[in-house]
Amino acid sequence: MPKEQELAGVLLSNLDKVLYPEDGITKREVVEYYIRIAPRMLPWLRDRAVVLTRYPEGIAGEGFYAKDAPQGTPNWVRIETRYSETTGRNVHYIVIQDLKTLIWIANLAAIEIHMPLARIGSPDVPDVIFFDIDPEPPAGFDAGREAAFLLRDALLDNGMEPYVKTSGKKGLHILVPVEPPTTFAKTRAFVHAMGRVISQKNAGIVSEASESQKAGTVFMDFLQNSHGKTLICPYSLRAARGAPVSTPLSWNELKTVAGPESFNIRNILSRKEDPWEKLAQQIFHGKQL
Amino acid sequence: MNGTPAKKKPATRQKKNTPKKSPAEQEKAPGKLTTVAKDKVPKPAEKPLQEEKAAVSTSGKEPDKPAAGGNVPRGEKVTVPRAAGEIKKPVRPEVPVKEPAAGKPAALPRRPIWRGTISIGLVNVPVRLHSMIKERGWSFRLLHRDDGQPLRYDRVCTKDDKVIPWEDTVRGYEVRKGEYVVFEKEELEAILPESDKRIRIDKFVYYLSLDPVYFDRPYVLSPDGNSDPYVLLHEALLKQEKAGVGRLTLRTKEYPVLIRPYHGALVLTTLRYAQEVSDPGKFVELEELSSAKPREVEVAEKIVSELSGDFDVNEYHDRVREQIELLVKKKLAGEKIVREAPRHEEAKELMAALQETLQQLKTT
């Protein structure tokens, strides 16, 4: 039944398509999720050239990274055109400025929404520092959690206010807002340095890219703080069984949370408060250079 | 035609009126559909809109208004015109710019389509024949988008794509697909009936005994000169509730006709020949219909009687025509028409989520 339906001026298609076959989650549920989560998500998306992971055939099918706005993108969608050195051509990025665009994105079966650390007016100036805590099996969520608390203490010691979220997969993401002007070189160096500090406190934590594949370690990936790199947007769905959500947590919550799959499309909305609300507003109202 | 592009040739009647203003029109034409209407008006396109409207309505009353304009019976359009001269140029008498929703009671056109006598035995009733159909249907003229000028249809040979002048054409009667028996114009003229100015009435019948499927096109008869015979015939038919059937030759075609009283006048209706109308009972699919169960028939009958009423033709409107007339009015008033995108069904199941989110976004 490939019937099209309209919502808020957006044409929705194939809403009955199952995107998470093991959970029986349809595109309608995905669209509804993004509509309902929009107030918590939109502050993060404004003025950012997003990269999507689309799964038109569902997560069991072939997904693909989409940087370019697809053919037939409505003219009300904001597009950021940027020349890509690596491909030698212009890339037309989508900017999710409003609810309407978010609904449209969801209809593209763009399950994962990835955001850059800088905004479109100043793509070389990050407004957040990103600590990517990535446990390498057999190290798991608990090892990552341990590293996260170590990092939190170190950051607090530096007078910073860190925020943590699950990646939705096995990792944890810690964000620290940073006032411009700064550069990716500086934030990258800072993350690298912090990684070295905590790796000295815990032998299971590695801070160098060369050691990142070492089994059972937790890698502090400082290289993510670069122009053009993205991280999964807070509250984005992940393309994994159970439809987990990259979930902002309070540090107290992190102590007790069972694992990354604890928060998913079916339960996240019942959690009414947003531990990242303050940060989201700070980011949203942050100055653009 | 000083400086007039060759494209303008097709315009026939208007051509004489418009060429001097055409460059201006051409500048205005692109992208603005209202100029289409303007071009039909034999007045400069630069005129203010109010005046143009007046021009639109008066142009229809010009003395050179073609008698056949809008009144050509359908039957005649398809026949082979006898006088070659008439058809050499594809002169299409323009229907004067239609005044949308004119709706006033009109006098019969001064010039009838046909004049003659109804002959009943030795009695003659002199009559004029007028179209009864007001041509209220809607149609569009095909125009060139860039300059708003009407397009002409050319006779193009399907083999070599050349435009063929009328004198090089013959008529072909298709006997098998792609196979024709060829007729010269003269050969056809010899067999086509002469209009003998007579409607011969063969007999009188109860007109309700004739099934409406045979009714083709109604015409109004009016008395020609002495109206006594006309009045007499009308009265007699009315009293007897009968209609005269006979035949009439209009131009090159002969029709069975039925003449009956209607709204204080005699009305002539051309009839279709029996072989022009198929017998639905002879279609295989319909021959094999089974009979219904009495119980079901009872129910069906009940539904029918519940919905029964008197037929009022005014309950039905040509809604497409009304839409077009409205748009024409707006365009004449210079309003820009924006095409509305087709409406899609709303995703109702997501409406609640949307409403709640919109509410939240408003308050934050």
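Residues numbered from 1 in each chain as written. Chains lettered and ligands numbered in written order. Predicted model: local features only at pLDDT ≥ 70, side-chain atom pairs only at ≥ 80, totals over all residues. Heavy atoms only, no water.

This next bit is on the overall build of chain B. In terms of regular secondary structure, chain B is built from 11 helices and 10 strands. The burial tally for chain B puts 26% of its 364 residues in the buried class. If you take every contact in chain B between residues at least 6 apart in sequence, the share linking residues at least 24 apart comes to 63%. (Helix = DSSP H or I, 4+ residues; strand = E, 2+ residues; numbered from the N terminus. Buried < 20%, exposed > 50% of the residue type's maximum accessible area, 1.4 Å probe, protein only. Contact = heavy atoms within 4.5 Å.)

As a further point, take the overall build of chain A. From N to C terminus, chain A includes six helices and 16 strands. Residues counted as buried form 55% of the 289 residues belonging to chain A. Sequence separation of at least 24 residues holds for 69% of the intrachain contacts in chain A that already meet a minimum separation of 6. Here chain A displays about 12200 Å² of accessible surface, and carbon together with sulfur accounts for 50% of that area. (Areas by Shrake-Rupley, 256 points an atom, 1.4 Å probe, with all protein chains shown as cover.)

Residue and element names in this part refer to chain A. Taken as a whole, this structure holds 29 salt bridges over all chains when the rule is applied. Of the charged contacts, one joins Asp142 and Arg145 as a salt bridge, the two residues approaching to 2.5 Å between their closest N and O atoms. Placement of the pair is Asp142 and Arg145 together in helix α3 (residues 141-157), with a separation of three residues, close to one helical turn. Here the residues in one salt-bridge network are Arg46, Asp47, Arg78 and Arg119, joined through shared partners. (Salt bridge = Lys/Arg side-chain N within 4 Å of Asp/Glu carboxyl O.)

Let us now look at the sheet that holds strand β13 (residues 205-206) of chain A. All names here are of chain A. Taken in spatial order, the six strands line up as β13-β14-β10-β12-β11-β16 in an open sheet, and their pairing is mixed. Two strands bound the open sheet, and with one partner strand each, they are β13 and β16 (248-249). Two strands pair when backbone bridges link them, and strand β10 (residues 128-135) and strand β12 (residues 172-177) are joined in this way by six bridges, in the antiparallel orientation. Within β12, the position partnered with Ile129 by the bridge is Val176. Those strands touched by helix α4 (residues 184-201) are β10, β13 and β14 (218-221), and its axis lies near 40 degrees from that of β10. Along the sheet, helix α6 (residues 277-284) makes contact with β10, β11 (163-166) and β12, crossing β12 at roughly 50 degrees. (Pairing = 2+ DSSP bridges. Axes fitted to C-alpha atoms, helices over the stretch in contact; angles between N-to-C directions.)

It is worth spelling out the confidence of the model for chain B at this point. Residue and element names in this part refer to chain B. Of all residues in chain B, 67% have pLDDT values of 70 or greater, and the mean over the chain is 73. Of the regions scoring below 50 in pLDDT, residues 1-102 engages in 121 contacts with residues more than four places distant in sequence or in other chains. Interface confidence in the predicted complex, given as ipTM, is 0.82; pTM for the same model is 0.52. (pLDDT = per-residue confidence, 0-100.)

Let us now look at the interface of chain A and chain B. Taken together, the contact between chain A and chain B spans 19 residues of the former and 15 residues of the latter. Summed over both partners, the interface of chain A with chain B comes to about 1500 Å²; 64% of that surface belongs to carbon and sulfur atoms. One salt bridge in this structure joins B:Glu349 and A:Arg28, with 3.0 Å as the shortest N-O distance. There are four residue pairs in polar contact (both at pLDDT 80 or more) connecting chain A and chain B. (Buried area = accessible area lost by both parts, 1.4 Å probe. Polar contact = N/O pair within 3.5 Å; in protein donor to acceptor, adjacent residues only side chain to side chain.)

Bringing the side chain of A:Lys27 into the picture now. Residues and elements named next belong to chain A. With respect to the helices and strands, Lys27 occurs in helix α1 (residues 27-45). Despite its burial, Lys27 pairs with no opposite charge, the nearest such side chain being Glu4 at 8.8 Å. From its side chain, Lys27 meets the backbone oxygen of Ser13 in a polar contact 2.9 Å long. With near-sequence residues (within four places) excluded, Lys27 lies in contact with Ser13, Asn14, Leu15, Lys17, Leu19, Ala106, Asn107 and Ala109. (Lys, Arg positive; Asp, Glu negative; His and termini not counted.)

Residue and element names in this part refer to chain A. Taking 1.5 Å as the rise per residue, α3 with 17 residues should run 24 Å; its terminal C-alpha atoms sit 24 Å apart, in good agreement. All of the buried residues along α3 are Phe141, Gly144, Arg145, Ala147, Ala148, Phe149, Leu151, Ala154 and Leu155. Gly159 sits one or two positions beyond α3 and adopts a positive phi of about 75 degrees. (Expected span 1.5 Å × (residues − 1).)

Residues and elements named next belong to chain B. The terminal C-alpha atoms of helix α7 (residues 228-240) lie 18 Å apart, and with 13 residues this matches the ideal 18 Å at 1.5 Å per residue to within 8%. Looking only at α7, the buried set comprises Pro229, Tyr230, Leu233, His234 and Leu237. Viewed along the axis of α7, the buried residues span an arc of 135 degrees, placing them on a single side of the element. For α7, the exposed residues set more than 90 degrees away from the buried face come down to Asp228, Leu232 and Lys239. (Arc of directions from axis to C-beta.)

Residues and elements named next belong to chain A. Pairing between strand β1 (residues 4-7) and strand β2 (residues 10-13): four bridges, direction antiparallel. Note that in β2 the partner of Glu6 across the bridge is Leu11. Hairpin connection, β1 to β2: the antiparallel pair is bridged by two residues, and Ala8 has positive phi, about 50 degrees.

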